Amino acid sequence: MAEKIDMRILYLTGNGFPRSATDPRGTFSFEHVRALRALGAEVTAVDLQADDFGEDVVDGITIRRIPRLRPILRALAIGRLRRYLAAHRSLLHGGQEVAIFSFSYLKYFPLMLGIRRLGVTILVIPHGGDVMPGGAIRRFLKCRLFALADVITPVSDYTETLLSCLIKRRDADNDRIVTIYNGVDLAKLQTDCDPNKLRIRLGLPHDAFVGLSGCNLVKRKGVDVVIRAVSRLLAEGRDIHHVVIGRGPEAERLRTLARLSSKPANFKFMDTVSSAELANFYNMADVFAILSTTGWDARQTEGFGIVYAEAMALGTPVIGGRGSGTGTPVKDGFTGVLIDPYGEEVEAKVAYAMVRLMDDNEYRARLSRNAKWYVRETFSWERNARETLDVIAKVRN
């Protein structure tokens, strides 16, 4: 139990906050703020990635908006630059006891230095790609950034490993690095229709095996591997359908890949699904699958894999890529299946995992039960917020 919950917290993110209750941008930071407030903390939420200055209320939470500096400098907008500097100065004099920086962006550096000089406790939350290795200059600056933090709370065991490698972790760092897993918004994952009704609406047979992939359609998500695995099963005469939800640069290539299948009509692509309806899609599917890889050059990785945890919360078995943050929610053989995306015959292994889920009802039911239990026991936002407040109270005391 947190010793003190009446903290005044300045919560800053350079990854954005949502503009409405259905806007998916900045979901982690928004839900974190909501959970901290629910435990009694007084939280000032600041979006450092906004398009313009302002303040609005989203689902009962007031969010202060400050635009990015680079467009202001490019436009040589002196008036906006003065307003930008004034907005940042005001953040230093809000009387907060704690400053939480969601993600560990280098653009936080000036603001973090100013806050540090005021004696405010600083907590930084690295997510994954923001602690991946880079050049010598980037590594040096990142190490200096993390040196300013009193507490660092990676969102997964994998992210903690990346952080430890980046800063060349020493024994002295152990007390200030505490992994606190991401939360899952269970209230958002409420189904409001029978799975068969959604299948009928999508034109899917009620008794067919349905795979679901939902993500940003970029190459490293590995949706092409899943499509090839499904195509392999269709060629073998299996009754399987595949629903792909998402947008991105790979969208057209993935559609072309599906058209090359022996049964292209068994693939359905959707650009987007509302947050309110997402749970119905998870619930309708027999398996959720994406085979994420890590883009080391672009510093992109699966730091946690929230979509897996969301699907699991509804009892949907999952197939994911081994070797990233996916391994935090997905425990191979217990809550889902992990496959090495860099190994040999990856498509055949994905196809085999799907066949086992199709043919072994007891196995599928066991994965489903375990997944649902594990998410609800391990990844609640209340638990995340309590652990966050606990570690802050420990440092401050």
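Quick caveat, the model's predicted, so the values are computed rather than measured.

**Q** Mind showing me how you'd approach a nonpolar patch on the surface here?
**A** On the surface, L106, I137, F140 and L141 cluster together to form a nonpolar patch covering roughly 390 Å² of accessible area. One can find L141 in helix α5 (residues 136-147). Taking the relative accessible area as the measure of exposure, L141 reaches 33% and is therefore partly exposed.

**Q** When you look at the sheet that holds strand β8 (residues 209-214) in this model, what are you seeing that I'm missing?
**A** In a beta sheet, neighbouring strands pair by backbone hydrogen bonds and run either parallel or antiparallel. In spatial order, the strands read β10-β9-β8-β11-β12-β13; together these six strands make up an open sheet with parallel pairing. Here the strands that pair on one side only, and so sit at the sheet edges, are β10 (267-270) and β13 (336-339). Taken pair by pair, the neighbouring strands of this sheet meet at an average axis angle of 20°, ignoring direction. The pairing of strand β9 (residues 240-245) with β10 spans four bridges and is classified as parallel. The partner of H242 across the bridge, within β10, is F267. Where helix α10 (residues 275-284) meets the sheet, its contacts fall on β8, β9, β10 and β11 (287-289), and the angle it forms with β8 comes to roughly 140°.

**Q** Would you mind showing me how to read unusual backbone geometry here?
**A** Comment: phi is negative for the bulk of residues other than glycine, and the bulk of peptide bonds are trans. If you check the backbone angles, D59 has positive phi at about 50° while not being a glycine. By secondary structure assignment, the location of D59 is in the loop between β3 (54-58) and β4 (61-67).

**Q** Would you take a moment to explain the pattern of salt bridges for this structure?
**A** Proximity of charged atoms lets side chains of opposite charge pair with each other. Going through the model one piece at a time under the given rule, you end up with 24 salt bridges. Residue E31 pairs with R34 through a salt bridge whose shortest N-O separation is 3.1 Å. Of this pair, E31 and R34 both sit in helix α1 (residues 27-38), three residues apart, roughly one helical turn. Accessibility expressed as a relative area gives 8% for E31, which makes it buried. Of the residues examined, R34 reaches a relative accessible area of 30% and is grouped as partly exposed. Here the salt bridges do not stand alone but share partners, grouping D224, R228, E250, R253 and E347 into one network.

**Q** Please explain the environment of I137 as it appears in this structure.
**A** Counting through the fold element by element, I137 comes out in helix α5. Residues I137 and L217 lie 80 residues apart in sequence; the distance between their C-alpha atoms is 31 Å.

**Q** I would appreciate a short explanation of the sheet that holds strand β5 (residues 98-102) in the present structure.
**A** Taken in spatial order, the seven strands make up an open sheet running β3-β4-β2-β1-β5-β6-β7, and their pairing is mixed. Every other strand in the sheet has two partners, leaving β3 and β7 (151-152) as the edge strands with one partner each. Looking at chain direction, β5 and strand β6 (residues 121-125) are connected through five bridges and run parallel. Residue pairing in the sheet places S102 in a bridge with I125 of β6. This element, helix α3 (residues 78-91), spans β1 (8-13), β2 (42-50) and β4 of the sheet and lies at about 135° to β4.

**Q** What am I meant to see in the packing of aromatic side chains here?
**A** What describes a pair of aromatic rings is the distance from one ring centre to the other and the angle between the planes of the rings. Under the defined criterion, the tally for this structure stands at 13 aromatic pairs. Among the aromatic residues, those joined into a ring-pair cluster are Y181, F304, F334, W373, Y374 and F379. Cation over ring: R356 sits above Y363, and NZ or CZ is 3.7 Å from the ring centre.

**Q** Is there a simple way to explain the packing of helix α8 (residues 223-235) against helix α9 (residues 251-259) in this structure?
**A** The description of two packed helices rests on the angle between their axes and on the distance between the axes. With their axes 10 Å apart at the nearest point, α8 and α9 run at an angle of 10° to one another. Classified by the angle their axes make, α8 and α9 are roughly parallel. Residues V223, D224, I227 and R228 of α8 lie in contact with α9, whose contacting residues are R253, L254, L257 and A258.

**Q** When you look at the packing of helix α7 (residues 195-202) against α10 in this model, what are you seeing that I'm missing?
**A** It is at 9 Å that the axes of α7 and α10 come closest, and there the two elements cross at 95°. Between α7 and α10, the interaxial angle falls into the category roughly perpendicular. Here P195, L198, R199, R201 and L202 of α7 lie close against α10, whose contacting residues are E277, N280, F281, N283 and M284. Residue composition of the contact of α7 with α10, grouped by class: five nonpolar, two polar and three charged.

**Q** Is there a simple way to think about the state of the cysteines in this case?
**A** What makes a disulfide is a covalent bond joining the sulfur atoms belonging to two cysteines. If you walk through the whole model with that rule in mind, you get zero disulfides. Cysteine C165 shares no disulfide, and the gap to the nearest cysteine sulfur, in C143, comes to 11 Å.

**Q** For this particular structure, what's the right way to read the pairing of β2?
**A** Put simply, side chains in a regular strand alternate between the two faces of the sheet. By the bridge criterion, six bridges tie β1 to β2 in an arrangement that is parallel. Bridge pairing links R8 to E42 in β2. Where β2 and β4 come together, four bridges link them in parallel fashion. For D47, the partnering residue across the bridge sits in β4 and is R65.

**Q** What is the right way to read the side chain of N182 from this model?
**A** In this structure, N182 sits in the loop between α6 (157-167) and α7. Judged by its relative accessible area of 8%, N182 falls in the buried class.

**Q** What exactly am I supposed to notice about helix α13 (residues 361-378) here?
**A** Think of an α-helix as turning once every 3.6 residues; residues three or four places apart then point the same way. A rise of 1.5 Å per residue sets the reference length of α13, with its 18 residues, at 26 Å; its end C-alpha atoms lie 26 Å apart and thus fit the reference within 8%. Of all the positions in α13, only Y363, L367, N370, A371, Y374, V375 and T378 are classed as buried. When α13 is viewed along its axis, its buried side chains cluster within an angular range of 125° and face the same direction. Exposed residues pointing more than 90 degrees away from the buried face of α13 are listed as R369 and E377. Turning to α13, the residues buried within the fold contact α11 (306-313), β13, α12 (346-359) and α14 (381-396). Backbone nitrogen of E362 and a side-chain oxygen of the N-cap are separated by 3.3 Å at the start of α13; the cap is D360.

Definitions and cut-offs
Residues numbered from 1 in each chain as written. Predicted model: local features only at pLDDT ≥ 70, side-chain atom pairs only at ≥ 80, totals over all residues. Heavy atoms only, no water. Patch = residues over 30% accessible without salt bridge, like charges linked within 9 Å, V, L, I, M, F, W, Y side chains within 5 Å. Areas by Shrake-Rupley, 256 points an atom, 1.4 Å probe, with all protein chains shown as cover. Salt bridge = Lys/Arg side-chain N within 4 Å of Asp/Glu carboxyl O. Helix = DSSP H or I, 4+ residues; strand = E, 2+ residues; numbered from the N terminus. Buried < 20%, exposed > 50% of the residue type's maximum accessible area, 1.4 Å probe, protein only. Pairing = 2+ DSSP bridges. Axes fitted to C-alpha atoms, helices over the stretch in contact; angles between N-to-C directions. Contact = heavy atoms within 4.5 Å. Phe/Tyr/Trp six-rings, centres within 6.5 Å; stacked < 30°, edge-to-face > 60°. Lys NZ or Arg CZ within 6 Å of the ring centre and 35° of its normal. Parallel < 35°, antiparallel > 145°, perpendicular 65-115°, else oblique. Nonpolar A, V, L, I, M, F, W, Y, C, P; charged D, E, K, R; others polar. Disulfide = S-S within 2.5 Å. Expected span 1.5 Å × (residues − 1). Arc of directions from axis to C-beta. Polar contact = N/O pair within 3.5 Å; in protein donor to acceptor, adjacent residues only side chain to side chain.

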